Amino acid sequence: MFRVQNTILSEDIATARFACDINRCKGACCVVGDAGAPVAKKEIPVLRKAFRRLKEQLHEDAVATVEESGLIKGDNQNGYELNCVEEGECVFVKYGEDGIAKCAIQEAYYEGEFNWEKPLSCHLFPIRLKNILDFDYANFEYFPALCSAGCDHGEEQDIWLSEFLKDPLIRRYGEEWYDEFVEACNEIRANNKTVQA
């Protein structure tokens, strides 16, 4: 583990290579799992607005799920998460003609139709955050079904996880934090090289 300001991070965040390869994984992080993406309480109104705006673009099963059991599950004590259809996919999933699952919110953002990219937890994946007593604990949540294609692609392209997640990490913590984080990652990697030598 290493610390950057009020964030404690697992060391594999510094040492892993990772870069999404959506053509290989087919958007698995949006469809595989037994729970929806964690969301912050302050994100809920934006997600409700996104659902109202994008409802016509979503699969009928997703719309039915939201109408029957709500867009968000959870509570203030246990945390909140996006609802999923029975098969496990997020209610905001859109499939392209190529069979790739994509986030309807993110697509709308890229097309200039919505001014918010997606929940921070989705943007940060495969890093997951947990806040305890004003400290964020960050872990690299590696699941072979979700992450192996991204890890392979990161190795092939020589891209560190810390570099790949630059934008969402700055979104969460700011530029100054990110610069300090990169320094810490570089130091950990240099130390590992020295040990291996």
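Placed above this text is the structure.
All of these numbers come straight from a predicted model, not from anything done at the bench. (Residues numbered from 1 in each chain as written. Predicted model: local features only at pLDDT ≥ 70, side-chain atom pairs only at ≥ 80, totals over all residues. Heavy atoms only, no water.)

Chemist: Mind showing me how you'd approach a positive patch on the surface here?
Modeler: A cluster of basic residues, Arg48, Lys49, Arg52 and Arg53, forms a positive patch at the surface. Mapped onto the secondary structure, Arg52 falls in helix H3 (residues 44-54). (Patch = residues over 30% accessible without salt bridge, like charges linked within 9 Å, V, L, I, M, F, W, Y side chains within 5 Å. Areas by Shrake-Rupley, 256 points an atom, 1.4 Å probe, with all protein chains shown as cover. Salt bridge = Lys/Arg side-chain N within 4 Å of Asp/Glu carboxyl O. Lys, Arg positive; Asp, Glu negative; His and termini not counted. Charge placed at Lys NZ, Arg CZ, Asp CG, Glu CD. Helix = DSSP H or I, 4+ residues; strand = E, 2+ residues; numbered from the N terminus.)

Chemist: Sorry if this is basic, but what is going on with the sheet that holds strand S3 (residues 38-39) here?
Modeler: The three strands lie next to each other as S3-S5-S4, forming an open sheet whose pairing is antiparallel. A single partner strand is all that each edge strand has here, and the edge strands are S3 and strand S4 (72-75). Bridge analysis of S4 against strand S5 (residues 79-82) gives four bridges, and the strand direction is antiparallel. Within S5, the residue paired with Ile72 across the bridge is Leu82. (Pairing = 2+ DSSP bridges.)

Chemist: It is not clear to me how unusual backbone geometry should be interpreted in this structure. Could you clarify?
Modeler: Generally, phi is negative for residues other than glycine and the peptide bonds are trans, each holding for most cases. With an omega dihedral of 20 degrees, the bond running from Phe125 to Pro126 counts as a cis peptide bond. Mapped onto the fold, Pro126 is located in the loop between helix H6 (120-124) and strand S8 (127-132). Even without a glycine there, the phi angle at Lys26 is positive, about 60 degrees. Following the sequence through the fold, Lys26 ends up in the loop between helix H2 (22-25) and S3.

Chemist: Would you mind showing me how to read the packing of aromatic side chains here?
Modeler: Aromatic ring pairs are described here by two measures, namely the spacing of the ring centres and the angle between the planes. Counted according to the given criterion, the structure contains nine aromatic pairs. When the ring of Phe18 is compared with that of Phe140, the centres are 6.5 Å apart and the planes differ by 75 degrees; the resulting orientation is edge-to-face. In this pair, Phe18 sits in the loop between helix H1 (12-15) and H2 while Phe140 sits in strand S9 (residues 135-140), placing the two residues 122 residues apart along the sequence. You can call Phe18 buried: its relative accessible area is 4%. What makes Phe140 buried here is its relative accessible area of 12%. Each ring, one from Tyr109 and one from Tyr110, has its centre 5.8 Å from the other, and the planes form 55 degrees; the classification is tilted. Over the ring of Trp160 we find Arg17, and its NZ or CZ is 3.9 Å from the ring centre. (Phe/Tyr/Trp six-rings, centres within 6.5 Å; stacked < 30°, edge-to-face > 60°. Buried < 20%, exposed > 50% of the residue type's maximum accessible area, 1.4 Å probe, protein only. Lys NZ or Arg CZ within 6 Å of the ring centre and 35° of its normal.)

Chemist: Please clarify how the pairing of S8 should be interpreted in this entry.
Modeler: One face of the sheet, then the other: side chains in a regular strand alternate in exactly this way. Of the pairings in the sheet, the one linking S8 to S9 comprises six bridges and is antiparallel in character. Note on S9: the bridge partner recorded for Arg128 is Asn139.

Such coordinate-based values are descriptive only and should not be taken to indicate function.
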